Amino acid sequence: MDEKIKAGYVAIIGRPNSGKSTLLNNILKQKVAITSPKPQTTRIPIQAVYNDARGQIIFIDTPGIFAKVFDAVAKKINLKTEQVLKKNIDVLVYLIDHNRDRNIEENKIIGLVRNVDKPKILAYNKMDIKHPSYIPHYRFLESEFNKTVEISALFNKNLNLLVNYIFELLPIGDKIIKREDLVTPAINIDSKTFIAEIIREKAYLFLRKEVPYSLTTVVDEIADREEGLKYIKARIVTVSDRYKRMIIGDTGRMIKEIGRASRKELEVATNQKIYLDLTVETNPHWIEEML
Ligand SMILES: Nc1nc2c(ncn2[C@@H]2O[C@H](COP(=O)(O)OP(=O)(O)OP(=O)(O)O)[C@@H](O)[C@H]2O)c(=O)[nH]1
Ligand SMILES: [Mg+2]
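About the criteria used
Residues numbered from 1 in each chain as written. Chains lettered and ligands numbered in written order. Predicted model: local features only at pLDDT ≥ 70, side-chain atom pairs only at ≥ 80, totals over all residues. Heavy atoms only, no water. UniProt positions renumbered as here; feature names shortened; annotations may be inferred. Core = buried A, V, L, I, M, F, W, Y, C linked by side-chain atoms within 4.5 Å. Buried < 20%, exposed > 50% of the residue type's maximum accessible area, 1.4 Å probe, protein only. Helix = DSSP H or I, 4+ residues; strand = E, 2+ residues; numbered from the N terminus. Contact = heavy atoms within 4.5 Å. Near = heavy atom within 4 Å. Polar contact = N/O pair within 3.5 Å; in protein donor to acceptor, adjacent residues only side chain to side chain. Areas by Shrake-Rupley, 256 points an atom, 1.4 Å probe, with all protein chains shown as cover. Nonpolar A, V, L, I, M, F, W, Y, C, P; charged D, E, K, R; others polar.

As annotated in an unreviewed UniProt entry, the protein carries the name GTPase Era. Recorded in UniProt for the protein, the comment headed Function (unreviewed entry) runs: "An essential GTPase that binds both GDP and GTP, with rapid nucleotide exchange. Plays a role in 16S rRNA processing and 30S ribosomal subunit biogenesis and possibly also in cell cycle regulation and energy metabolism." Per UniProt, the comment on the protein under Sequence similarities (unreviewed entry) is "Belongs to the TRAFAC class TrmE-Era-EngA-EngB-Septin-like GTPase superfamily. Era GTPase family."

With that settled, consider the nonpolar core. Nonpolar side chains tend toward joint burial in soluble globular proteins. In this structure, Leu23, Leu24, Ile57, Phe59, Ile121, Leu162 and Ile166 are the most contacted members of the largest nonpolar core, which totals 31 residues. Residue assignment for this core shows that the elements contributing at least two residues are β1 (5-14), α1 (20-28), β2 (46-52), β3 (55-61), β4 (91-97), β5 (120-125) and α4 (159-169). The greatest single-element share of this core, amounting to 7 residues, is contributed by α4. Once you skip the residues sitting within four places of it in the chain, Leu162 turns out to touch Leu23, Ile27, Val93, Ile121, Val149 and Ile151.

Before going further, it helps to spend a moment on the site of ligand 1. What surrounds ligand 1 is a group of 24 residues, the closest being Lys20, Thr22, Gln40, Thr41 and Asp128. At 3.0 Å from an oxygen atom of ligand 1 is found a main-chain nitrogen or oxygen belonging to Ala153. The fraction of the free accessible surface of ligand 1 (660 Å²) that becomes covered by protein chains is 90%. Examining the composition of the shell around ligand 1, we find that 3 residues originate from one element, α1, more than from any other. Tallied by class, the residues present in the shell around ligand 1 amount to 6 nonpolar, 13 polar and 5 charged.

Here is the structure:
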């Protein structure tokens, strides 16, 4: 008979750019979600497994909620997060970037969080940056939460404490994911999607302003070639030719930069030499068709 442990689903929610994906990666000590200084980097809720002697946590990293839904991408993304909150979660972690003051966006999330009738943890993130701090403007929330914790997701401050609190609040149950041989803790993204995400992260890094929101990335093929070389065929898809030209850049400089940075990270991650065949194409309908 299985020994009884703590087990359950834990959703991480918060404004865009509050550090949710960084938190997930650093709790797991492995990159499963891409991160960037630009808001709305995460587009699909990513589920990943954390195991230790106390039990099993299935984290769900959600896309940051936008208050003003001004484009089709944001609209679809917000819906995905709202769906996660309606699902069977056991604990909710609400991440607040204490360097940013409360505004309509934060209020919208506070409203969503209040509607979730589960144990909740309030986590102030980016505590490594001392000023400005708007914690006094959020204190009123603390009485609505089971626990409050101050963390730095980026610098691993108090992440153990946060995980302790999660285990305290999780129900007793059986392991949800029984397999021990998972290559990556992420359970709802396959290799093609993960590689596409890495390329999208680099596109977010190098492209300015609204360009990242115009695009998505797709991996069509991963093949083993001679002498341990991995061949990856991928596309950046954007809504217009104008954006396509910006993504390619003068004499192809931008696309080369995105490709080179992606290849480097993938080579380190897989410990293999990679040939990345990266192209850019226009499809004005990708948002309806692919997101
Ligand atoms: N200084 C500092 N920066 C942080 C911390 N946590 C995250 N960041 C930075 O904040 C930015 C956003 O981090 P993400 O993890 O992508 O944020 P997110 O909440 O997942 O954002 P969306 O997916 O867009 O909703 C990145 O540049 C991170 O490096 C932290 O504890 N301290
Ligand atoms: Mg994210």
